[in-house]
Amino acid sequence: MGNLLKVLTCTELEQGPNFFLDFENAQPTEGEREVWNQVNSVLQDSENILCGLQAYKGAGQEIRDAIQNPNDFMLQERAWNSVCPLVIKLKKFYSFSLRLEEALQSLLECLTCPPFTPTQHLEREQALAKQFAEILHFTLRFDELKMRIPAIQNDFSYYRRTISRNRINNMNLDIESEVNNEMANRMSLFYAEATPMLKTLSNATTSFVTENKTLPLENTTDCLSTMASVCKVMLETPEYSSRFSSEDTLLFCMRVMVGVIILYDHVHPNGAFNKSSKIDMKGCIKVLKDQPADNVEGLLNALKFTTKHLNDESTPKNIRTMLQ
C-alpha cells in the first residue's frame, strides 16, 4: 500500500485516527491512475501560475499618469496598452481556478465514495490523497501571494472603467474577444475575494456535498478531519516529521492542515471550531504557533479571516483567544 503508515492503531481519539502520510513519495496504483492523470494535468501547470502571479508588477504608474492627465491621448493609450496584457494574465489565473475546482471534485468523489470509509480510502489511494493535499498547498500559496499584490484589483478596476467608457464611444475593443463582459464580471467577483482560490475550493466542496445527496455528509467531513489529523500528528511528532527529506514538506503539511480545516468549516453545519468538531482545533493552532512566525502568519490569518464559524457563539473563547 505504499508509504501510508497508521501510527496510533490502538487509539481511536475523538479527533479520529491518526496517520503518517508520505507526501513526498506516494505513487498511483493502477486503480488510481485514470483520475491521477486527469488531476496531474492540472497540477503540472500550478508552478507556472504561481510564477506568473509572483512576477505580476501591475500598471500603477501608467494608470496614475492617465488619470492625472485625462486629455493626454498618448498617456491614455500607454495605460490601456499596459493593462490589457495584465488582464489576459488575470484571466489565465481565473481559468486555472475553474480547472482546479473540477480536479478537487474528482478527488472528493474518489476519496468519499462507498463502500470504503474515508480512512480506508486514504490508506488505499495515497497518491490521490497526495494530490488533494497538493491542490490545497497551491491554493494557500496563491492566496498568500495575491494578498500582497493590491495592483491586481487596481488594474482590473481601471480596465473595467475604461472598457465601459470606450464601449460608449464605440471604440474598437479587440480584447473583448478574450475577456467579454460576462467573463469580466466573473473575474471581478473572483478577485474581490481576499483569498479567491480558497473561496473557489470552499464553494466546490459545498457544491459537491449538495449535488451528491445520496452520499452521507460525514463521508466528506470525515475525509477532511482525518487529513487535518494526519498533518497535525506529522507536525507535532519529531519521529514522523524527521522522515521527510525536505523542510519544505513541513510547510506543505501546515498549509494542507489549514486548508482542510477551512473546507471542513464551510461544509459542516456546525463548523470546525465547535466542541463537537472532529478536528482538534486547539491542537492544530498550537502546532502552528510552535512554528517560526514568518512561516505561519498567513496561515493563522487564513483561519481568522476565511473560516465561516470562528465567531459563532458555540466557538470556545480560548480558541478565539489563541488566534488573536
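Here the structure is a predicted model, which means the values were calculated and not measured.

What counts, and where the lines are drawn
Residues numbered from 1 in each chain as written. Predicted model: local features only at pLDDT ≥ 70, side-chain atom pairs only at ≥ 80, totals over all residues. Heavy atoms only, no water. Helix = DSSP H or I, 4+ residues; strand = E, 2+ residues; numbered from the N terminus. Rg over C-alpha atoms; globule rule 2.2 N^0.38 Å. Buried < 20%, exposed > 50% of the residue type's maximum accessible area, 1.4 Å probe, protein only. Contact = heavy atoms within 4.5 Å. Phe/Tyr/Trp six-rings, centres within 6.5 Å; stacked < 30°, edge-to-face > 60°. Expected span 1.5 Å × (residues − 1). Axes fitted to C-alpha atoms, helices over the stretch in contact; angles between N-to-C directions. Parallel < 35°, antiparallel > 145°, perpendicular 65-115°, else oblique. Left-handed = near helix turned anticlockwise from the far one by under 90°. Nonpolar A, V, L, I, M, F, W, Y, C, P; charged D, E, K, R; others polar. Salt bridge = Lys/Arg side-chain N within 4 Å of Asp/Glu carboxyl O. Core = buried A, V, L, I, M, F, W, Y, C linked by side-chain atoms within 4.5 Å. Polar contact = N/O pair within 3.5 Å; in protein donor to acceptor, adjacent residues only side chain to side chain. pLDDT = per-residue confidence, 0-100.

Visitor: I would appreciate a short explanation of the overall build of the chain in the present structure.
Guide: What the chain contains, in helices and strands, is 15 helices and two strands. Relative to the globule expectation of 20 Å for 324 residues, the C-alpha radius of gyration of the chain, 22 Å, shows essentially globular dimensions. For the chain, with 324 residues in total, the buried portion stands at 52%. In the chain, the proportion of contacts linking residues at least 24 apart, taken out of those at least 6 apart, comes to 75%.

Visitor: So what exactly am I meant to see when it comes to the packing of aromatic side chains here?
Guide: For any pair of aromatic rings, geometry is given as the distance between the ring centres together with the angle between the planes. This model, assessed by the stated rule, comprises eight aromatic pairs. Where tyrosine 94 meets phenylalanine 190, the ring centres are 5.4 Å apart and the plane angle is 70°; that geometry is what we call edge-to-face. One end of the pair, tyrosine 94, is in helix α4 (residues 73–112); the other, phenylalanine 190, is in helix α8 (residues 181–192), with 96 residues separating them in the sequence. A residue is classified by how much of its surface remains accessible, and phenylalanine 190, at 6% relative accessible area, is buried. Ring plane angle 85° and centroid distance 4.9 Å describe the contact between phenylalanine 190 and tyrosine 191, whose orientation is recorded as edge-to-face.

Visitor: When you look at helix α12 (residues 248–267) in this model, what are you seeing that I'm missing?
Guide: Residue pairs three or four apart in sequence face the same way in an α-helix, which turns once every 3.6 residues. Here α12 is 20 residues long and its end C-alpha atoms lie 29 Å apart, about the 28 Å a rise of 1.5 Å per residue gives. Of all 20 residues that make up α12, 17 are buried, and the element is covered over most of its length.

Visitor: Would you mind showing me how to read helix α13 (residues 281–289) here?
Guide: Where α13 is concerned, the buried positions are Met281, Gly283, Cys284, Ile285, Val287 and Leu288. The inward-facing, buried residues of α13 abut α10 (217–236), α12, α14 (293–305) and α15 (317–322).

Visitor: Please explain the packing of helix α9 (residues 196–211) against α12 as it appears in this structure.
Guide: The relative placement of two packed helices is expressed as an angle between their axes plus a distance between the axes. Where α9 contacts α12, the axes come no closer than 9 Å and their chain directions differ by 45°. In this view, α9 runs oblique relative to α12, as classed from their interaxial angle. Between α9 and α12 lies a crossing of right-handed hand. Together, Leu198, Leu201, Ser202, Thr205, Thr206 and Val209 of α9 and Ile262, Leu263, His266 and Val267 of α12 make up the contact between the two elements. Taken together, the residues of the contact of α9 with α12 break down into six nonpolar, four polar and no charged.

Visitor: Even after reading the chapter, I still don't get the pattern of salt bridges, so can you show me in this structure?
Guide: Oppositely charged side chains may form a pair once their charged atoms are brought near each other. The full count for this structure, using the stated rule, is eleven salt bridges. Its salt-bridge partner being aspartate 65, residue arginine 78 comes within 3.4 Å of it at the nearest N-O pair. With a gap of 13 residues between them, arginine 78 in helix α4 and aspartate 65 in helix α3 (residues 60–68) connect regions that are remote in the sequence. With a closest N to O distance of 2.9 Å, aspartate 290 and lysine 286 form a salt bridge.

Visitor: What's the story with unusual backbone geometry in this structure? I'm lost.
Guide: If a residue is not glycine, its phi is most likely negative; likewise, a peptide bond is most likely trans. Cis rather than trans, the peptide bond between proline 114 and proline 115 has omega equal to 10°. Tracing the backbone through its elements, the reader meets proline 115 in the loop between α4 and α5 (118–124).

Visitor: Looking at this structure, how should I read the nonpolar core?
Guide: Among soluble globular proteins, nonpolar side chains are generally buried collectively. Counting 99 residues, the largest nonpolar core has Phe132, Ile135, Tyr159, Met187, Ile261 and Leu288 as its most contacted members. Top contributing element to this core by residue count: α4, with 17 residues. Discounting chain neighbours no more than four positions away, the residues touching leucine 288 are Met254, Met257, Val258, Val296, Leu299, Leu300 and Leu303.

Visitor: Looking at this structure, I do not really get the side chain of aspartate 265. What am I missing?
Guide: Looking at the element boundaries, aspartate 265 is found in helix α12. Among the polar contacts made by the side chain of aspartate 265, one reaches the main-chain amide nitrogen of histidine 309 at a distance of 2.8 Å. Those residues in contact with aspartate 265 that lie beyond four places of it in its chain are Gly271, Ala272, Phe273, Thr307, Lys308 and His309.

Visitor: Just checking my understanding: could you explain the packing of α9 against α10 for this structure?
Guide: In the contact formed by α9 and α10, the axes pass within 9 Å of each other and the chain directions differ by 150°. With respect to each other, α9 and α10 are oriented roughly antiparallel. Contacts from Thr205, Phe208 and Val209 of α9 reach α10 at Leu217, Thr220 and Leu224. Partitioned by chemical class, the residues of the contact of α9 with α10 number four nonpolar, two polar and no charged.

Visitor: Even after reading the chapter, I still don't get the confidence of the model for the chain, so can you show me in this structure?
Guide: Low pLDDT marks stretches whose predicted atomic positions should not be read closely. Taken over all residues, the pLDDT of the chain has a mean of 87, while the share at 70 or more is 91%. The low-confidence segment residues 1–17, where pLDDT is below 50, has 40 contacts with residues more than four positions distant or belonging to other chains.

Visitor: Would you take a moment to explain the environment of serine 97 for this structure?
Guide: Here serine 97 is to be found in helix α4. Overall, serine 97 belongs to the buried group, its relative accessible area being 1%. Linking serine 97 and leucine 217, residues 120 residues apart in sequence, is a C-alpha distance of 24 Å. Sequence-distant contacts of serine 97, defined by excluding residues within four places in its chain, comprise Phe190, Met197 and Thr200.

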